Amino acid sequence: MITLKYLCLSLLLLATSAHAGTMTQTDWSMLNFGTGPYPTWWRIFDIGSNLDCTSNPDDVSLQAKEYLVDSFFERAMAVTCGDVNGDGYMDILGASDTHEIAWWQNNDGSGSTWSKHQIDTSFLGAASIDCKDINGDGFPDVVGAAFDLNDIRWWENVDGSGLNWVEHSVCTYLNGAYSVKSADINADGYYDIIAAGFMANDIIWWENTDGSGELWEEHTVDGDFSGAVNINIDDLNHDGYLDIIGAAQLGKEVAWWENQDGSGEIWVKHTIKDNLSGPTSVYSADVNGDGNIDVLSTDLFSNTVLWWENEN
């Protein structure tokens, strides 16, 4: 059983020109309260250094040294990490709503100097990315979801340098493709691709049938998850099979789907919370160190960060 355990961190979702390049909070043009997801600019936010946790009488003070990677990556939507060029240093990858997928080379491993490399500049409405070795050649590739194009694609890191990329299509019809992950759902040794479609209300995974990344078989996890906006992958029930966690912004719900026999063919839905104001993201981690994987989420209109304790 996953139960609500703790509520903390009332967030001020503030996008500033210092953090978002040319984006300022006075630009409300992307707000669309009719369809969502809501909206592009508040994916870039700043958290104050003194945060009042309502369940803890002591203030929590966050202290971190800030490093600027790029101040001109307009309308940045998503970020992840991976050693793209195999030099042993962790690089940064990003997706921009100005249709760009790029990565920044960690030049000396210190994280203080970066060189930008573009992967794709025409991926309209780029909303989410992941970095995994899709075709098993030993080089990390990039997976992306494009809201405007309804596309799921992956880019092959051809020679492992991160300078030569070949695009491969996975799906061109996932309406409002918004969140994407890569994981071996059916434990066949190949990385599969999982995505959420906001307008389609779908959570779908595509089986990498022969490990080449060229042949994909579609499997629907849930076709009625209203405003599916974010997903995460983890083994929530300790059965050795990867499960899927999702946030439905319009359905106001956070749920997980049990990969019942490990094949990725049979899924059982478990609702965690269904009366939220508009969840925007989900994550999983053992928050309280009891050995169980818990679920975390952000809830947009209540300005809260939540986590639910997995008591199994």
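Note that the structure is predicted; figures quoted are calculated from it, not measured.

(A) Structural context of the overall build of the protein. If you tally the helices and strands in the protein, you get one helix and 22 strands. Burial status across the protein gives 49% buried among its 312 residues. Working note: accessible area of the protein is about 13,800 Å², and carbon and sulfur atoms make up 49% of it.

(B) Highlighting the sheet that holds strand β12 (residues 177-183). Taken together, four strands build an open sheet; the order of strands is β12-β13-β14-β15 and the sheet is antiparallel. Each of the sheet's edge strands pairs with one partner strand only, and the pair in question is β12 and β15 (216-222). Strand-to-strand twist across the sheet, computed as the mean angle between neighbouring axes with direction ignored, equals 20°. Looking at chain direction, strand β13 (residues 192-197) and strand β14 (residues 202-208) are connected through five bridges and run antiparallel. Directly across from alanine 196, in β14, lies its bridge partner isoleucine 203.

(C) The arrangement of the pairing of β14 in detail. In terms of burial, β14 is largely enclosed, as seven of its seven residues are buried. Neither face of β14 is exposed, since Asp202, Ile204, Trp206 and Asn208 on one face and Ile203, Trp205 and Glu207 on the opposite face are all buried. Taken together, β13 and the strand that follows it, β14, pair antiparallel across an intervening segment of four residues, in which asparagine 201 is found at a positive phi of about 60°. Judged from the six bridges that link them, β14 and β15 form a sheet pairing that is antiparallel.

(D) Representation of the pattern of salt bridges in the model. Under the defined criterion, the tally for this structure stands at six salt bridges. Arginine 153 is paired through a salt bridge with aspartate 151; the nearest N and O atoms lie 2.7 Å apart. Overall, arginine 153 belongs to the buried group, its relative accessible area being 12%. Across the pair lysine 269 and glutamate 253 runs a salt bridge, and its minimum N-O distance is 3.0 Å. Highlighted residues: lysine 269 in strand β19 (residues 267-273) and glutamate 253 in strand β18 (residues 253-259), separated in sequence by 16 residues. Under the relative-accessibility criterion, lysine 269 is labelled partly exposed at 35%.

(E) Representation of the packing of aromatic side chains. Summed over the entire model, instances satisfying the criterion amount to five aromatic pairs. Ring centres of phenylalanine 147 and phenylalanine 198 lie 6.5 Å apart, and the angle between their planes is 55°; this geometry places the pair in the tilted category. One end of the pair, phenylalanine 147, is in the loop between β9 (141-146) and β10 (151-157); the other, phenylalanine 198, is in the loop between β13 and β14, and 51 residues separate them in sequence. On the basis of relative accessibility, which here comes to 21%, the residue phenylalanine 147 falls in the partly exposed class. When its relative accessible area of 1% is taken as the criterion, phenylalanine 198 is described as buried. Ring geometry for phenylalanine 225 versus tryptophan 257: centroids 4.7 Å apart, planes at 85°, classification edge-to-face. Remark: tryptophan 257 occurs in strand β18 and phenylalanine 225 occurs in the loop between β15 and β16 (228-234); sequence separation between them is 32 residues. This pair shows no difference in class: phenylalanine 225 is buried, exactly as tryptophan 257 is.

Conventions we followed
- The numbering scheme is per chain: residues are counted from 1 as the chain's sequence reads.
- Predicted model: local features are reported for residues with pLDDT of at least 70 only, side-chain atom pairs are reported and counted for 80 or more only, and whole-chain, interface and lining totals are derived from all residues.
- Each side-chain value is derived from all of the structure's non-hydrogen atoms; neither hydrogens nor water enter the calculation.
- Counting from the N terminus, the helices are the DSSP runs of H or I reaching at least four residues and the strands are the DSSP runs of E reaching at least two.
- Accessible area is worked out with a 1.4 Å probe on protein chains only. A residue is then buried under 20% of its type maximum, exposed over 50%, and partly exposed in between.
- Computed with the Shrake-Rupley method and a 1.4 Å probe, the accessible areas treat only the protein chains shown as cover for residues.
- Here, strands pair whenever DSSP counts at least two bridges between them.
- In this description, a line fitted to the C-alpha atoms serves as the axis of each element, helices being fitted only across the stretch in contact, and the angle between N-to-C directions of two axes falls anywhere from 0 to 180 degrees.
- Any carboxyl oxygen of Asp or Glu within 4 Å of a side-chain nitrogen of Lys or Arg constitutes a salt bridge here.
- Put simply, two rings from Phe, Tyr or Trp (the six-membered ring, in Trp's case) pair if the centres are within 6.5 Å, and we call them stacked under 30 degrees between planes, edge-to-face over 60, tilted for the rest.

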